[in-house]
Structure formats: structure tokens, C-alpha cells
Amino acid sequence: MEINNKFKIIHLKTTHSTNRDCVELGKEGKRNIIVVSDIQTKGKGRLDRFWYSNYGGLYFSILLDIKDINVEQINFIVSLSIVDTLKNYLTKDFGTVGRQKPKVFRIKFPNDIIVKNNSSIGYKKISGILGEINLNYGFVVVGIGININNSIDAEINNIATSLKEIGEKEFNKQDILNEFIINFNKYNKLTEKDILNKYKENCITIPMTREGRSSNLAVSTGIILYEAIRQNYNDGNFSSEK
């Protein structure tokens, strides 16, 4: 596996939050860093919800210079990178719907990756994304949690699952991270139109603006979908620190 990796990777055994670590590094002027931790003691999801970060999961955050990324596309790029990465590690056949095989991994707008658990139950959450923007210091942090080999807490096992639970074996987390980086670099080079088309193809929930406009029209212009993304930033799905 060839990795064109511009990122410095910092691997920790435990931390409060990889996002918090990247924010502190960003304020020191550091960029292009990925912080990975085996355990997070205060991991969080959108709207400040607690993110269960048991040992065995893949928990990491990416620190980027705001000039190197289109902030309005970062959510799409990361979501698609996770989907493309995980689909290479799960080969289970969940049957067909009509004449078509269902997509196993899908994006649930705005911040979740869900997976088809089996042919009858439907989808469960396997990954979440949390972005933060710091305008004063000029950086973006994107935190990613993926349930790989970790056990799922009883409180959430009706809505969440792991790669191990579905694939019935353990997976190499470093290989998955490496593949994610390859996919992230790939999507970061695509045109806006290609990213939007790919996102619509993989998203199970079409985002709407508060005015009720569907993103179906966004495939050609990107405007409506970006309005929905901006509104989700303001609603707490992608926080901004000034």
C-alpha cells in the first residue's frame, strides 16, 4: 500500500480528546498532523454528546491549515474517505433489494457513517465526525471515531456496531488509518462537482436547508447543499472558535 503522506502522525495510548490535542497544536502553529489515541476519556460527538471511546476503536483527529482545505467540502471529503476505506474491509453479502445489492456503508447527513448490520435489521452507526474551525489561528480540526475492534456499550448497542461485530474477526487499525489517508488525499484533489456527485450517491439522507430546499439541485451548482452545510455548522455540527 503506497501512502503519499504529508501528515505527521502522533500516536497516544490515552488522551482526553484528540480534537482538543489538535486544537492546542494548531494554536502553537503546527499543521498537517494526525493525532491518534487508543482511548479517549472525554471524546465528544456533535452537540457535545459523549463519544464512547473504548479500547479497540480508531480515534483520530486531523489538523489542517484553513488555506489548504475548502471548509465547505471537508465534511464531504472525510465522509467519503471513511466509506471508501471501510468498504474494503467488509465482504459480507447482505442479499439484494429488487435487482440491486444495497450499499453496505452509507453516509447519514451530516456527521455519521452507518452500516447495514444484516439483511433484516437495517443500518447502525459505525463512525462519527466532528469538525472545529479556529478563525483566529487559521486552522481546521476534524475528529473521526470509527468502531473497529472495540466493544459496544449496552446503552447504545441498539443503534451502534463495530467492524469486528459485523465481520466476526479483528482488523488492523493501522492499515485502516493508512487507507483512510490515501482516500482523503484522493478526494481532496477532486473537483467540487465530482465530490458532490459522489456524496449524493453515498448519502442515505438528502440534506435540506431550513427553508426546505432539497440538495437534489445541488449536484449541478453546489449552492443549496452548501447552504445546508453552513446551517449545520451554525447548529453545532461543525463548531467555530474565533
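Since this is a predicted model, take the numbers as computed values, not measurements.

Caption draft 1: Seen up close, helix α1 (residues 18-27). Of all the positions in α1, only T18, N19, C22, V23, L25 and G26 are classed as buried. Buried residues of α1, viewed axially, fall in a sector of 165°; they line one side. Where α1 starts, the residue carrying a side-chain oxygen 3.2 Å from the main-chain nitrogen of N19 turns out to be S17. Positive backbone phi, approximately 95°, marks G29, located one or two places after α1.

Caption draft 2: Region of interest: the nonpolar core. One finds F60 and F184 to be the most contacted residues of the largest nonpolar core, which totals 46 residues. Broken down by element, the residue count for this core peaks at 9 residues, all from helix α2 (residues 71-86). Sequence-distant contacts of F60, defined by excluding residues within four places in its chain, comprise T18, I34, V35, V36, V142, G143, I144, I146, L177 and F180. Counting residues in each nonpolar core, the second largest holds 8 residues, with C22, L25, I33 and F139 among its members.

Caption draft 3: The arrangement of the side chain of D38 in detail. On the secondary structure map, D38 appears in strand β2 (residues 33-40). Not counting the four nearest positions on each side in its chain, D38 is found in contact with H11, L12, K13, S53, N54, Y55, G56, G57, Y59 and K173.

Caption draft 4: Expanded view of the pairing of strand β3 (residues 58-65). For β3, a buried count of 8 out of 8 residues is recorded, marking the element as mostly surrounded by other parts of the structure. Sheet topology places β2 next to β3; 5 bridges connect them, and they run antiparallel. Each bridged residue has a counterpart across the sheet, and for V36 the counterpart in β3 is F60. Where β3 and strand β7 (residues 139-146) come together, 8 bridges link them in antiparallel fashion. Across the sheet, residue I62 finds its bridge partner in β7, namely V142.

Caption draft 5: Spotlight on the environment of P110. Relative to the elements of secondary structure, P110 occurs in the loop between β4 (105-108) and β5 (112-118). Classification of P110 by relative accessible area gives buried; the value is 9%. Sequence-wise, P110 and F76 are 34 residues apart; in three dimensions their C-alpha atoms are separated by 8.9 Å.

Caption draft 6: Geometry of the pattern of salt bridges. According to the stated counting rule, one finds 8 salt bridges in the structure shown. Here K67 and D65 are joined by a salt bridge, their closest N and O atoms 3.2 Å apart. In this structure, K87 engages D84 in a salt bridge whose closest nitrogen and oxygen atoms are separated by 3.4 Å. A network of salt bridges, in which partner residues are shared, links R31, D65 and K67.

Caption draft 7: Focus on unusual backbone geometry. Here the bond from F109 into P110 is cis, since omega is 10°, no more than 30 degrees from zero. In this model, N32 sits at a positive phi of 55°, which is unusual for a non-glycine residue.

Caption draft 8: Just the packing of aromatic side chains, in detail. Summed over all chains, the structure comprises 5 aromatic pairs. In this arrangement the basic side chain of K116 is found over the ring face of Y123, its NZ or CZ atom lying 5.8 Å from the centre. Sitting over the ring of Y55, K173 keeps its end group 5.3 Å from the ring centre.

Caption draft 9: Representation of the packing of α2 against helix α5 (residues 192-202) in the model. Where α2 contacts α5, the two axes come as close as 10 Å, and the packing angle between them is 55°. It follows that α2 is oblique to α5 by the angle criterion. Along this stretch, α2 crosses α5, giving a crossing that reads as left-handed. When α2 is examined against α5, the residues Q73, N75, F76, I77, S79, L80 and V83 are found in contact with a partner set consisting of E192, I195, L196, K198, Y199 and N202. For the contact of α2 with α5, the residue count by class is 7 nonpolar, 4 polar and 2 charged.

Caption draft 10: Inspection of the environment of H16 at higher detail. Considering the arrangement of structural elements, one finds H16 in the loop between β1 (8-15) and α1. We classify H16 as partly exposed; its relative accessible area is 39%. For the pair formed by H16 and Q40, sequence separation is 24 residues and the distance between their alpha carbons is 5.1 Å. Within polar-contact distance, the side chain of H16 engages the side chain of T41 at 3.0 Å.

Parameters at a glance
- Residues numbered from 1 in each chain as written.
- Predicted model: local features only at pLDDT ≥ 70, side-chain atom pairs only at ≥ 80, totals over all residues.
- Heavy atoms only, no water.
- Buried < 20%, exposed > 50% of the residue type's maximum accessible area, 1.4 Å probe, protein only.
- Helix = DSSP H or I, 4+ residues; strand = E, 2+ residues; numbered from the N terminus.
- Arc of directions from axis to C-beta.
- Polar contact = N/O pair within 3.5 Å; in protein donor to acceptor, adjacent residues only side chain to side chain.
- Core = buried A, V, L, I, M, F, W, Y, C linked by side-chain atoms within 4.5 Å.
- Contact = heavy atoms within 4.5 Å.
- Pairing = 2+ DSSP bridges.
- Salt bridge = Lys/Arg side-chain N within 4 Å of Asp/Glu carboxyl O.
- Phe/Tyr/Trp six-rings, centres within 6.5 Å; stacked < 30°, edge-to-face > 60°.
- Lys NZ or Arg CZ within 6 Å of the ring centre and 35° of its normal.
- Axes fitted to C-alpha atoms, helices over the stretch in contact; angles between N-to-C directions.
- Parallel < 35°, antiparallel > 145°, perpendicular 65-115°, else oblique.
- Left-handed = near helix turned anticlockwise from the far one by under 90°.
- Nonpolar A, V, L, I, M, F, W, Y, C, P; charged D, E, K, R; others polar.

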